Amino acid sequence: MSLKGKFSLFIAALLICTIGLLSGFILKGVSGYQREQLEQEMAKRTEAAAARITQQYVTGTRVDSRTFIQLQGPNLAMELGATTGIRVTLYDNDGLKSGDSMPMAADVNAADALQLALRNNIAYVTEGDTLDYFAPLQGPDELIGVIHFQTSLSAQHAFYRHIVILLLVVGLSVLAVGLAIGLFYMNRQASAITKLKLSTDRIRQGDFLHNADLQRYDELGELSQGIDAMRLSIHLNVEALHKEKANMFSALQRLQLLEQQQKQFIGNVSHELKTPLTTIKAYAELLFLYKDDPALIQDSSEIIIKESDRLHDMLENILRLSAMEKYEFNHQPERVDLKFLLADISTRMKGKADKLGLTLLTDLQPANVWADRESLVHIFVNLLDNALKYNRPKGSVTISTRIVGEAVEIAFCDTGVGIPLELRSRIFEPFYTVNRDRARQSGGSGLGLALVKQFVDKQNGTITVRDNGKFGTCFVVTLPLA
Ligand code: ADP
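## Points about the overall build of the protein chain
Then, in step 1: A count of helices and strands for the protein chain gives 10 helices and 12 strands.
Then, in step 2: Whereas a compact globule of 482 residues would reach a radius of gyration of roughly 23 Å, the protein chain reaches 65 Å, over 25% beyond that.
Then, in step 3: C-alpha atoms of the protein chain, sized along the principal axes, occupy 195 × 55 × 40 Å.
Then, in step 4: Going through the 482 residues of the protein chain one by one, you find that 36% of them count as buried.
Then, in step 5: Of all intrachain contacts in the protein chain linking residues separated by at least 6 positions in sequence, the fraction that spans at least 24 positions is 64%.
Then, in step 6: A total accessible area of about 29,500 Å² is found for the protein chain, and carbon and sulfur atoms account for 59% of it.
Then, in step 7: Averaged over its 51 positive side-chain charges, the protein chain has a centre that lies 8 Å from the centre of its 54 negative ones.

## Describing helix α10 (residues 448-458)
Then, in step 1: Within α10, burial applies to Leu449, Ala450, Leu451, Val452, Phe455 and Val456.
Then, in step 2: Positive backbone phi, approximately 60°, marks Asn460, located one or two places after α10.

## A closer look at the packing of helix α1 (residues 3-59) against helix α2 (residues 65-84)
Then, in step 1: At a closest axis distance of 10 Å, the pairing of α1 and α2 adopts a crossing angle of 135°. The angle between the axes of α1 and α2 places the two elements in the oblique class. Taken as a pair, α1 and α2 cross one another with a handedness that is right-handed. Touching Arg45, Ala49, Arg52, Ile53, Gln56 and Tyr57 of α1 are Ser65, Phe68, Gln72, Leu76, Glu79, Leu80 and Thr84, all from α2.
Then, in step 2: Grouping the constituent residues of the contact of α1 with α2 by class yields six nonpolar, four polar and three charged.

## Topic: the nonpolar core
Then, in step 1: With 54 residues, the main nonpolar core has Leu376, Ile379, Phe380, Leu383, Ile410 and Phe475 as its most contacted residues.
Then, in step 2: Element by element, the count of residues in this core is highest for helix α8 (residues 373-389), at eight residues.
Then, in step 3: Here Ile379 is in contact with Val452, Phe455, Val456 and Val477, once residues within four sequence places are set aside.

## Examining unusual backbone geometry
Then, in step 1: Despite not being glycine, Phe431 shows a phi value in the positive range, around 70°.
Then, in step 2: Note that Phe431 resides in the loop between β10 (407-414) and α9 (436-441).
Then, in step 3: The exposure class of Phe431 is buried, given its relative accessible area of 4%.
Then, in step 4: The backbone of Asn460 shows a phi angle near 60°, a positive value even though the residue is not glycine.
Then, in step 5: Locating Asn460 in the fold gives a position in the loop between α10 and β11 (462-467).
Then, in step 6: A residue is classified by how much of its surface remains accessible, and Asn460, at 64% relative accessible area, is exposed.

## What to know about the site of the ligand
Then, in step 1: In the neighbourhood of the ligand, 22 residues make up the surrounding shell, with Asn386, Tyr390, Asp414, Val434 and Leu449 lying closest.
Then, in step 2: Within the side chain of Asn386, a nitrogen or oxygen atom sits 2.9 Å from an oxygen atom of the ligand.
Then, in step 3: Contacts to the ligand include Lys389, whose side-chain N or O atom sits 3.1 Å from an oxygen atom.
Then, in step 4: Relative to its unbound accessible surface of 530 Å², the ligand loses 97% to contact with the protein.
Then, in step 5: Of all the secondary structure elements, the ones that give two or more residues to the shell around the ligand are α8, α10 and β12 (473-480).
Then, in step 6: Among the elements that make up the shell around the ligand, the one with the highest residue count is α8 (three residues).
Then, in step 7: Each residue belonging to the shell around the ligand can be placed in one class, and the counts come to 11 nonpolar, nine polar and two charged.

## Quick notes on the state of the cysteines
Then, in step 1: Taken as a whole and assessed by the stated rule, the structure comprises one disulfide.
Then, in step 2: Between the sulfur atoms of Cys413 and its disulfide partner Cys474 the distance amounts to 2.0 Å. Disulfide Cys413 to Cys474: torsion about the S-S bond roughly 120°, handedness right-handed. One end of the pair, Cys413, is in strand β10; the other, Cys474, is in strand β12, with 61 residues separating them in the sequence. Assigned by exposure class, Cys413 and Cys474 land together as buried.

## Some words on the side chain of Asn317
Then, in step 1: Structurally, Asn317 is set in helix α6 (residues 294-326).
Then, in step 2: Excluding anything up to four places from it in sequence, Asn317 contacts Leu447 and Leu451.

## Considering the pattern of salt bridges
Then, in step 1: Applying the stated criterion across every chain, the model contains 23 salt bridges.
Then, in step 2: Salt-bridge contacts for Glu39 lead to Arg35; the nearest nitrogen and oxygen are separated by 3.5 Å. With Glu39 and Arg35 both in helix α1 and four residues apart, this pair spans about one turn of that helix.
Then, in step 3: Overall, Arg35 belongs to the exposed group, its relative accessible area being 53%.
Then, in step 4: For Glu409, the salt bridge is made with Arg402, and the minimal N-O distance between the two is 3.1 Å.

## Structural notes on the sheet that holds β12
Then, in step 1: Here five strands make up an open sheet; going across it, the order is β7-β9-β10-β12-β11 and the pairing mixed. Of all the strands in the sheet, just β7 (359-363) and β11 have a single pairing partner and so form its edges. For this sheet the average axis-to-axis angle between neighbouring strands, irrespective of direction, equals 15°.
Then, in step 2: Across eight bridges, strand β9 (residues 396-404) lies against β10 in antiparallel orientation.

Criteria and thresholds
Residues numbered from 1 in each chain as written. Predicted model: local features only at pLDDT ≥ 70, side-chain atom pairs only at ≥ 80, totals over all residues. Heavy atoms only, no water. Helix = DSSP H or I, 4+ residues; strand = E, 2+ residues; numbered from the N terminus. Rg over C-alpha atoms; globule rule 2.2 N^0.38 Å. Buried < 20%, exposed > 50% of the residue type's maximum accessible area, 1.4 Å probe, protein only. Contact = heavy atoms within 4.5 Å. Areas by Shrake-Rupley, 256 points an atom, 1.4 Å probe, with all protein chains shown as cover. Lys, Arg positive; Asp, Glu negative; His and termini not counted. Charge placed at Lys NZ, Arg CZ, Asp CG, Glu CD. Axes fitted to C-alpha atoms, helices over the stretch in contact; angles between N-to-C directions. Parallel < 35°, antiparallel > 145°, perpendicular 65-115°, else oblique. Left-handed = near helix turned anticlockwise from the far one by under 90°. Nonpolar A, V, L, I, M, F, W, Y, C, P; charged D, E, K, R; others polar. Core = buried A, V, L, I, M, F, W, Y, C linked by side-chain atoms within 4.5 Å. Near = heavy atom within 4 Å. Polar contact = N/O pair within 3.5 Å; in protein donor to acceptor, adjacent residues only side chain to side chain. Disulfide = S-S within 2.5 Å. Salt bridge = Lys/Arg side-chain N within 4 Å of Asp/Glu carboxyl O. Pairing = 2+ DSSP bridges.

These values are about where atoms sit, not about what they do.
If you want it as structure tokens, here you go:
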């Protein structure tokens, strides 16, 4: 059963009980009052009648009471009936009828009441709307007889019925109005409770955006505020959990990627180390076999030295790279004058450019950065070295700087072989080379740009690759200005 149904039943039961009890008390009071009034009225009538009869008895001829009532009864009954307006009957002290104000009316059969009156008691009998009242008539010495009044109770009974109907009408009206008010009030409470229920249903379904929106200042209002606070805290917790889950998922993905990269790195390292070692071993065996061939000795020694140098450089780069990934980088930032540093590097590398038949040009603007000088040297030398290595005969390399807002762009542009667009994202991976033969020829192993990228990141800079006109490539390093 719904709350509304239960409440309606409760109100109805309460009202019916209250109205029933109240009506019972009222009716009991009314009938009690009527009876009291009647008894008082009849007692007064008896008193008056007794006074009249006694007066007659005392002032008249001296006879015994029975004879007196036998003789005077009919006249006295007529007289008393006329004065009271109701039927009066007189009996002697033996219970014999001696006078009746309505002699033609039927006799009343109320022997018990008459007997009680003869024993000096007041007794009355009601039957329908008629009251038969018997009272003893006390003379100066003894009981003279019994007086019997017969009166109609229809007025009292009509009044009582009227009160009953009135109570019924008032009771039913109060019940109807009470139920209506109760239902209206309960409807309001029930709609508030329904709103709260809907709100909790929404929370259960994961909808945390809507509140119960209950503008009340009672316990239901407090409950609504409580639910709202709970909704917010669940929302925050769920969001935090989602965020944590997403973080864990991306951490897991990063971990998987790292593991994969590490495996690939180890595979690449072993592979890259094997090649120069195989060459060295092959030429060492040749040396052992052909000890008397001076030309072979010369060639083999040169190759062994070149491959050993490559091996040495490679190992150094690998160590540097893994140290950078594992340990805190020994970063000593200082104010570096880029124009001066780049001019110095280009002067030092001029010899190599000349040897390769390449032109080295600079277009430098004054710019200062806050960075680790050694790292900058490493970055610039590597980029310049690549620009020379992967150039065309009689080509050129230009080092230029440009201020862009709060940063400086340092570009190393060459007129070389270029890098296909689709491979540009991969050249910063360790051991990645666009052309393995060309890289090997120039002593490269694909570690240079990986290291450069790491160094640039540590200096809070970025590195990008773009075309240099029709031929060649530009590597552009962007660093924040000091
Ligand atoms: P490497 O030691 O082989 O030079 P890097 O990491 O420095 O290794 O370069 C990776 C690859 O990127 C090189 O093998 C080369 O194919 C390509 N590359 C780098 N710089 C240039 C450039 N300036 N022009 C054309 N290709 C380049």
